[in-house]
Amino acid sequence: YVYTPKDAANYKIVKISLNNPDLANAIVIVPEDPYAKLASFGLTSEGLYYTLSKNGVEEKLYYLVFGANKAAELKLPFTAGSISLSTKGPRFSDVWTNILGWTSDYQRYRYLFPENTFKLENLSAKAKYPEYADLVVEELMVPSHDGVEVPLSLIYKKDMVKNSGNPVFIIGYGAYGYSINPFFSPELLLWTNEGGILAVAHVRGGSELGNSWYKAGYKTTKPNTWKDLISCAEYLVKEKYTSAQKMVINGGSAGGILIGRAMTERPDLFAAAIPEVGCLNQLRAEESPNGPINTPEF
């Protein structure tokens, strides 16, 4: 079973022979969904489980019994920002899901196929974070410089008022097709305790909207990556979430291209820019020990 973007920007699952692993002769098991990215899958003795992610921030779980023509959506214990699947392999029926979101720590459930229910099976006691009980998550689509809409996730206290004075911390990456899916970070969420807004810009170069989203911020289309971030920042100012004097941008490694170019193209738009071990000069980086393996990306 192969998970591939070949002729399917949002990915598909196909079956091929191990003796003759030729994609040209592959049988499509799960076709591409035009509105959501096929994010992961796992095999059990009864069938195949897979997840579909909308805009990289809302994920649903499906189950396809071997031999069936159509998969069934499984009702999750709570709405998932992201899901990770684990199974014991195709000889066993066991399957687990880790479900989490921007404001909820992961919970581990075993799915019981015959009963069609989820059983909570955390491996240890979960920490409680009452200080984050009153957070709001807002998922937006922001028009970029070319009219393409970019997902922007905002997390803040429910009593936040739009008055242009809220400090905003924006994180982004936008390379290698890596998506910033919802994750729970007590450390980052501390920003909201001080009245700040935590923002995640899902810029092109990642794959939140599939493989085409990745290639739309890749090599000759790379400027879309930082222009998407700039557009998100401009939107937050326009809608009075914050002001340029209150906005910080942050990204690491290849995300340094995102942060560095946004900083040099629009220095008036940000109070601070924090590239962490940032790639800021790719021409020079080609000669570094880590350079050759990164050259194909940039």
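If you're wondering where the values come from, they're calculated on a predicted model, not measured in any experiment.

Right, let's talk about the side chain of S243 for a bit. By the element assignment, S243 lies in the loop between α3 (223-238) and β16 (247-252). Setting aside anything within four residues of it in sequence, one finds S243 in contact with S164 and V237.

Attention now moves to the packing of α3 against helix α4 (residues 255-265). Following both chains from N to C, one finds α3 and α4 inclined at 65°, their axes separated by 9 Å at the closest point. In this structure, the crossing between α3 and α4 has a hand that is right-handed. The residues of α4 that touch α3, namely those facing T225, W226, K227, L229 and I230, are I257, L258, I259, R261, A262 and E265. Here the contact of α3 with α4 is built from residues that sort into seven nonpolar, one polar and three charged.

With that out of the way, let us pick up the layout of surface pockets. Once rolled over the atoms, a probe with the size of a water molecule shows which space is left empty. Of the pockets and cavities examined, the largest pocket occupies roughly 320 Å³. Along its surface, the largest pocket is lined by 20 residues, and I29, V30, P31, Y50 and L64 are the ones closest to its centre. A class-by-class count of the residues in the lining of the largest pocket yields 14 nonpolar, two polar and four charged.

Here we take up the nonpolar core. If you look at the biggest cluster of nonpolar residues, it comprises 29 residues, and the most contacted ones within it are L152, L154, I170, L229, L236 and M247. Counting only elements with at least two residues in this core, the list comes to β12 (135-143), β13 (149-157), β14 (168-171), β15 (197-201), α3, β16 and α4. A per-element tally of this core places α3 first, with six residues. When sequence neighbours within four positions are dropped, the list of residues in contact with L229 reads I170, A201, V203, I249, L258, I259 and A262. Counting 16 residues, the second largest nonpolar core, distinct from the first, contains W102, F169, Y173 and A254.

Evaluation of the coordinates by the stated rule reveals one cavity of 30 Å³ or more. Estimated volume of the largest cavity: approximately 30 Å³. Taken together, W102, I155, F183, S185, L188, L189 and L198 form the lining of the largest cavity.

The next point concerns the sheet that holds strand β5 (residues 47-54). Strand order in the open sheet made by the four strands is β4-β5-β6-β7, with antiparallel pairing throughout. A single partner strand is all that each edge strand has here, and the edge strands are β4 (37-43) and β7 (72-74). Taking the axes of each pair of neighbouring strands and ignoring which way they run, one obtains an average angle of 30° across the sheet. Two elements, β4 and β5, share six bridges in a ladder whose sense is antiparallel. Residue pairing across strands places G42 opposite Y49, the latter belonging to β5.

On to the pattern of salt bridges. Counted under the stated rule, the structure contains eleven salt bridges. Between R110 and D94 there is a salt bridge, with the nearest N and O atoms lying 2.6 Å from each other. One end of the pair, R110, is in strand β10 (residues 107-112); the other, D94, is in the loop between β8 (82-87) and β9 (95-100), with 16 residues separating them in the sequence. Its relative accessible area of 16% is what places D94 among the buried residues. The partner of D268 in a salt bridge is R266, and the shortest N-O contact between them spans 2.9 Å. Where salt bridges share partners, they join K88, D94, R110 and E121 into one cluster.

This next bit is on the sheet that holds β10. Reading across the sheet, the four strands line up as β8-β9-β10-β11 and stay open at both edges, with antiparallel pairing between neighbours. Each edge of the sheet is formed by a strand with only one pairing partner; in this case those strands are β8 and β11 (117-120). Strand-to-strand twist in this sheet, taken as the mean axis angle between neighbours without regard to direction, amounts to 30°. Relative to β11, β10 is paired through four bridges, and the arrangement is antiparallel. Considered in β11, the bridge of R110 is made with K119.

We now examine the environment of I99. Of note, I99 is situated in strand β9. Exposure remark for I99: the relative accessible area of 0% places this residue in the buried category. Between the C-alpha atom of I99 and that of E286, which follows or precedes it by 187 residues, the distance is 39 Å.

What counts, and at which threshold
Residues numbered from 1 in each chain as written. Predicted model: local features only at pLDDT ≥ 70, side-chain atom pairs only at ≥ 80, totals over all residues. Heavy atoms only, no water. Helix = DSSP H or I, 4+ residues; strand = E, 2+ residues; numbered from the N terminus. Contact = heavy atoms within 4.5 Å. Axes fitted to C-alpha atoms, helices over the stretch in contact; angles between N-to-C directions. Left-handed = near helix turned anticlockwise from the far one by under 90°. Nonpolar A, V, L, I, M, F, W, Y, C, P; charged D, E, K, R; others polar. 1 Å grid on protein atoms, 1.4 Å probe; cavity = no way out; pocket = protein on both sides within 12 Å on 5 of 7 lines; lining within 4 Å. Points joined across faces, edges and corners; volume = space filled by probe spheres on them. Core = buried A, V, L, I, M, F, W, Y, C linked by side-chain atoms within 4.5 Å. Buried < 20%, exposed > 50% of the residue type's maximum accessible area, 1.4 Å probe, protein only. Pairing = 2+ DSSP bridges. Salt bridge = Lys/Arg side-chain N within 4 Å of Asp/Glu carboxyl O.

Structural measurements only, silent on function.
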